[in-house]
Amino acid sequence: MKERKLKKASIAICIIMAIIVILIAFLTINSCSKKGYKITFIDSINDSVINTVTVKSGEKVVRPNDPKREGYVFDDWYYLNEPYDFSSIVKSDMTIEARFKASNGIVLNSDSIVLEINDTTKIEIESLPDGITLDDLIWQSSNESVLTVDENGNLKALKEGVAQVNVKTKDNLYSASCKVTVSKTVVAVESVKITGPTEVKVGNAIKLMATITPSNATDTNLSWESSNSKIATVDQNGNVKGISEGTVTITVKTNDGGKTATYKVTVKAKTSNVPSTPTNPEEKPQPPKEEKIPVNGVSISGETQVNVKSSIKLTATIDPDNATDKGVTWQSDNNSIATVDQNGTVTGVSEGTVTITVKTNDGGKTATYKVTVNSIYEIYLVKQILTGNEAAYYKMTVVKDGTVVNDYDYVQIKDARIFPGNEVMAELTDNETTSTATIKYNGKTSNAKIYYRAYN
């Protein structure tokens, strides 16, 4: 009888425990459904958390305000490498990334254009610094015999050659540039495709090649992009470096016509350096095979001249092009004349010539390149009309690299030569106005842009 009572008590305890377990599970599920899903918004550049919200099951997440980051322009909110659709229903916890594009303050719609002689086009402004409007911009062509640009960024190709279009704010705090190549005949790009290895190991690099059709296309400039830089990065020469295991899509886009091609690359784990255990005890362990391809040399290409407060891009070419470590460092021998960043972008600081050096991480191979920095001269002519006198004259101000100067040798405008202390011009009449002049400064002759302002 006693044993039967103990058995019944045990069964009752088991039933009670089962009920408790079911009740706890129900409360947990119910609590989760009420709590909803956690949505985390992060900055993709440094992975910092911007904001965290909770969204109930079956509801949508509200799009937050576009974040700002100094030196960058906001691109879009991304989830799983695709722009996130904020009209979709939330079904799980998510991390949504804010992605940005690098910006120097003024962002143009292109950094390289190819035109035929007599062609016209317009450079569009994609973004401006806060507080800056289109009226605050000054446009200039580095070679007005090849290409002209007006105050709205409209271009006209005049003859075969290369010119750099520079745009800056009147206070000289922000600037951007676009390289323009003028050809007799432009051969358009029809298509582009990618070839190369499809796998890379973590920490290693491979080289992808982009082939443009037709082969004689005039504008062969390309831009490369990785769908996930946390798995693999790609530079603007098509070099893909493995970061972590996974698969990415590499996209190349032509500057001419925006033709694109995509290519899948799989990143695999790095080979272990631990020797394998021999199957035969008498065999010695074999060391891992060396996969590294060393650098033999490096060279620099690009433009050889840049204006003060403008920039040009130099390119370092590694030999061989499938070298394992293609990393380089850049250096200027005189930062007071021109600086260079680690992407090879040279920015003019003051007039003069500098030597830019690039050095490879692998083997310390070096190459040097001379860059000349030219000053920008601007002539401001203010029209003056004396009261009760129909005669008009101009008062001249000379600006060198944004600073007013009066120690120039002379300014030549048409047939008029103006010397320091003689800045008032009576010779120039309305029908003789011109947009360019020459200036001699410290014995060197340069072109200068004229700006007119009329006052009564």
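Our structure's up above, just so we're on the same page.
Residues numbered from 1 in each chain as written. Predicted model: local features only at pLDDT ≥ 70, side-chain atom pairs only at ≥ 80, totals over all residues. Heavy atoms only, no water.

Across 3 bridges, strand β25 (residues 305-307) lies against strand β32 (residues 366-374) in parallel orientation. Note on β32: the bridge partner recorded for Gln305 is Thr372. Pairing of strand β31 (residues 352-360) with β32, which is carried by 8 bridges, proceeds in the antiparallel orientation. Residue Thr355 lies in a different strand from β32, and its bridge partner there is Lys370. Hairpin remark: β31 followed by β32, antiparallel, with 5 residues in the connecting loop; positive phi at Gly363, about 90 degrees. (Pairing = 2+ DSSP bridges. Helix = DSSP H or I, 4+ residues; strand = E, 2+ residues; numbered from the N terminus.)

With that settled, the discussion passes to the nonpolar core. Core analysis: the largest hydrophobic core is formed by 22 residues, its most contacted members being Ile300, Leu314, Trp330, Val346, Ile356, Val358 and Val371. Looking at this core, the elements with two or more residues in it are β24 (297-301), β27 (315-319), β29 (338-340), β31 and β32. Among the elements that make up this core, the one with the highest residue count is β32 (4 residues). Look past the residues within four positions of Leu314 in its chain and what remains in contact with it is Ile300, Ser301, Gly302, Glu303, Trp330, Asn343, Gly344, Val346, Ile356, Tyr369 and Val371. (Core = buried A, V, L, I, M, F, W, Y, C linked by side-chain atoms within 4.5 Å. Buried < 20%, exposed > 50% of the residue type's maximum accessible area, 1.4 Å probe, protein only. Contact = heavy atoms within 4.5 Å.)

With that settled, the discussion passes to unusual backbone geometry. The step from Thr213 to Pro214 runs through a cis peptide bond, and the omega angle for that step is 0 degrees. Structurally, Pro214 is set in the loop between β18 (209-213) and β19 (222-226). Here the amide bond leading from Asp319 into Pro320 is cis, since omega sits at 0 degrees, within 30 degrees of zero. For Pro320, the position within the fold is in the loop between β27 and β28 (328-332). Even without being a glycine, Leu80 presents a positive backbone phi close to 55 degrees. A positive phi angle, close to 55 degrees, is found at Asn442, a residue other than glycine.

Counting across every chain of the model gives 5 aromatic pairs. Ring geometry for Tyr79 against Tyr84: centres 6.2 Å apart, planes inclined by 90 degrees, an arrangement best described as edge-to-face. Under the relative-accessibility criterion, Tyr79 is labelled partly exposed at 23%. The rings of Tyr79, Tyr84 and Phe86 are connected pair by pair, giving a single aromatic cluster. (Phe/Tyr/Trp six-rings, centres within 6.5 Å; stacked < 30°, edge-to-face > 60°.)

Here we come to the pattern of salt bridges. Applying the stated rule across the entire model yields 9 salt bridges. The residue Lys449 makes a salt bridge to Glu144 at a minimum N-O spacing of 3.8 Å. One end of the pair, Lys449, is in strand β40 (residues 444-454); the other, Glu144, is in the loop between β10 (137-141) and β11 (147-149), with 305 residues separating them in the sequence. Given a relative accessible area of 27%, Glu144 falls into the partly exposed group. Within this structure, Arg63, Asp66 and Asp76 form a network of salt bridges that share partners. (Salt bridge = Lys/Arg side-chain N within 4 Å of Asp/Glu carboxyl O.)

Let's shift gears to the side chain of Thr169. If you trace the backbone, Thr169 turns up in strand β13 (residues 161-169). Residue classification places Thr169 among the buried residues on the basis of a relative accessible area of 1%. A distance of 2.5 Å separates the side chain of Thr169 from the side chain of Asp171, its partner in a polar contact. Apart from residues lying up to four places away in sequence, Thr169 is in contact with Ile106, Ile132, Asp136, Leu137 and Tyr174. (Polar contact = N/O pair within 3.5 Å; in protein donor to acceptor, adjacent residues only side chain to side chain.)

To continue, consider the sheet that holds strand β8 (residues 120-122). Adjacent strands of a sheet form backbone hydrogen bonds with each other and so pair up, either parallel or antiparallel. Read from one edge of the open sheet, 3 strands run β8-β12-β11, paired in antiparallel fashion. Of all the strands in the sheet, just β8 and β11 have a single pairing partner and so form its edges. Going across the sheet, the axis of each strand differs from the next one's by a mean of 20 degrees, ignoring polarity. Bridge count between β8 and strand β12 (residues 154-157): 3 bridges; the pairing is antiparallel. Each bridged residue has a counterpart across the sheet, and for Lys122 the counterpart in β12 is Asn154. (Axes fitted to C-alpha atoms, helices over the stretch in contact; angles between N-to-C directions.)

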